[in-house]
Amino acid sequence: MRVRFAPSPTGYVHVGNVRTALFNYLLARQRGGLFLLRIEDTDVERSRKSYEEGLIEDMKWLGVKWEEGPDIGGPLGPYRQSERSELYREYVDLLLEKKMAYHCFCTPETLEREREEALAKGETPRYSGRCRNLTPEEVKERLDRGEESAVRFKMPDDKDFHYPDLVRGDLLFDLSLFGDFVILRSNGQPAYNYAVVIDDHLMGVTDVIRGEDHISNTPKQIKLYEAFGWTPPRFGHLALVLGQDGSPLSKRHGATSLNQFRALGYLPEALVNYLALLGWAPPEGEEILSWEELIRLFDISKVSKSGATFDYQKLNWINRKPLSQLPSGQGRSLALSFLEEAEYIEKGRKLSPDEQKWLVQAVEIVKANLVTLADLPKELELFFQYRPDEALLPELREEAVSPLWNFLEEKFSGDSPITAQEFISFLQEAKGKGIKGKALFHPLRVILTGCGSGVELDKLINLLGAPEAFNLGLKRRPLLLKERIQEAKGRAGR
Ligand code: GLU
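The model shown is predicted, which means the values in this text are computed figures rather than measured ones. (Residues numbered from 1 in each chain as written. Predicted model: local features only at pLDDT ≥ 70, side-chain atom pairs only at ≥ 80, totals over all residues. Heavy atoms only, no water.)

Undergrad: If you had to explain the nonpolar core to someone new, which residues and values would you point to?
TA: Judged by nonpolar contacts, the single largest core of 109 residues is most densely connected at Trp280, Phe310, Phe383 and Leu444. The leading source of residues in this core is helix H1 (residues 15-30), at nine residues. Excluding anything up to four places from it in sequence, Trp280 contacts Phe23, Leu289, Leu294, Leu297, Phe298, Asp299, Lys302 and Val303. (Core = buried A, V, L, I, M, F, W, Y, C linked by side-chain atoms within 4.5 Å. Buried < 20%, exposed > 50% of the residue type's maximum accessible area, 1.4 Å probe, protein only. Helix = DSSP H or I, 4+ residues; strand = E, 2+ residues; numbered from the N terminus. Contact = heavy atoms within 4.5 Å.)

Undergrad: Can you break down the site of the ligand residue by residue, with the values?
TA: By nearness alone, every residue bordering the ligand is listed as Arg4, Ala6, Pro7, Ser8, Glu40, Tyr192, Val196, Arg210 and His214. Within the side chain of Ser8, one N or O atom sits 3.0 Å away from a nitrogen atom of the ligand. At a separation of 2.7 Å, an oxygen atom of the ligand approaches a polar side-chain atom of His214. In the complex, the protein chains occlude 83% of the 300 Å² of accessible area that the ligand would expose alone. Among the residues forming the shell around the ligand, the class breakdown is four nonpolar, two polar and three charged. (Near = heavy atom within 4 Å. Polar contact = N/O pair within 3.5 Å; in protein donor to acceptor, adjacent residues only side chain to side chain. Areas by Shrake-Rupley, 256 points an atom, 1.4 Å probe, with all protein chains shown as cover. Nonpolar A, V, L, I, M, F, W, Y, C, P; charged D, E, K, R; others polar.)

Undergrad: Describe helix H2 (residues 49-62), listing the residues and the values that go with them.
TA: With 14 residues, H2 ought to run about 20 Å at 1.5 Å a step, and its terminal C-alpha atoms sit 20 Å apart, in line with that. All buried positions along H2 are accounted for by Glu52, Leu55, Ile56, Asp58, Met59, Trp61 and Leu62. (Expected span 1.5 Å × (residues − 1).)

Undergrad: Now, about the environment of Phe441: what can you tell me, with residues and values included?
TA: When you line up the elements, Phe441 lands in helix H18 (residues 441-449). Taking relative accessible area as the criterion, Phe441 reaches 39% and is therefore assigned partly exposed. In this structure, the C-alpha to C-alpha distance between Phe441 and Ala239, residues 202 residues apart in sequence, is 56 Å. Leave out the neighbours within four places in its chain, and Phe441 touches Leu427 and Lys431.

Undergrad: Describe unusual backbone geometry, naming the residues involved and giving the relevant values.
TA: Gly77 connects to Pro78 through a cis peptide bond whose omega is -5 degrees. The residue Pro78 is located in the loop between H2 and helix H3 (85-97) in this model. The residue after Leu326, namely Pro327, is reached through a cis peptide bond having omega 0 degrees. Of note in this structure, Glu343 is not a glycine but carries a positive phi near 60 degrees. Relative to the assigned elements, Glu343 resides in the loop between helix H12 (331-341) and helix H13 (353-366).

Just geometry here; none of it tells us what the structure is for.
This is how it looks when you write it as structure tokens:
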């Protein structure tokens, strides 16, 4: 089995296309096949190298790997359509020789007029065949005169053409509605329906899994295979990915492109897991699946024929699993990159064991509050800034809290670290001094964290004012305990 992902680099890759790539990839992995990447950049106006580069980088981030592709080469390349022009021309000549294709000299104006006439008559527009029966002499003469021409394929007009779709079952078409279609444009560029056949055949593609927007192209492609005397691959068409309102997933629903999900801090394994569930349900019901499980369980014949609704909430839910494994697991290095981006860590700086230890503990403490990795810098702010909830400040001004303030300042005036054990002793001593209950725990939390609830103080305490914190080398230094107390005091106006 050989399958492929054949994106056009005319924009950022949409998650719908990523899902297509993923299904192809899962199929290749489970059947011991090969997965290849082909860049379909024949639309020179709209294709950009930067989109291709971004796509390759984002797909690598996702963890989908190809055995052959434009970046790594392979035996059946080149894998970029713009580098295959010669091949397309050769095979067009073959069809012209066999009289299965012909030169068409119709101008865009003529074609447009015919189109409008057909529409006015309530007919489906299709090419009239005007140039189909030009004599060889006339064609030669017009070509010699330098008249511009495209090449059209003589589309057979079977009334009940059908093919078995891997996803949708047997599909029936009336080919008399299709008309002869352009395979080589007058500017020498191959049309999609033609280039894709040449490439899929020469690259040995056995199974084509792609979006349902290509269903109506499939008969054209199969007829081209037949014209060449080649065996067509198997085809399977995936239903579109929809937004909550039932229209195709687009920007107005939220993030749509792979690079956006990456920038938003989703973990690749969560996105892969979620995308696999778009139109496919695991047989055993358990929805949180690893790569290995996806490869084992995925079943192309069980993929839904109807559109799959993209549910951002569900993606968030699936993202919790890899987040819960922080600071180890796949998220570790990605988390660091988010901290670098937010300038908590200097880019590319190697952390010392002390620094790592501090960060590991800090991440452990805040990870339950994360929806994505992008929340990490914000959640860690707790350690670097004193940003109290204004509504809690009046409490700190109360007379009953005075003894706590005094005792805190007395005990934690130095730069020395405070261990969890010392903190427990502090609490006990405080109680011994009559500082307890409402005059102790809640205000203490507000003074230390600026929040009325949240992380456990004894877990947090040794990260505030720990000597490692001084040496973290982070651009922003975590606040020391005494600094925090002073800040809180200032904010409370004491
Ligand atoms: N370049 C086409 C697309 O992005 C590929 C379609 C196909 O898989 O045949 O839609």
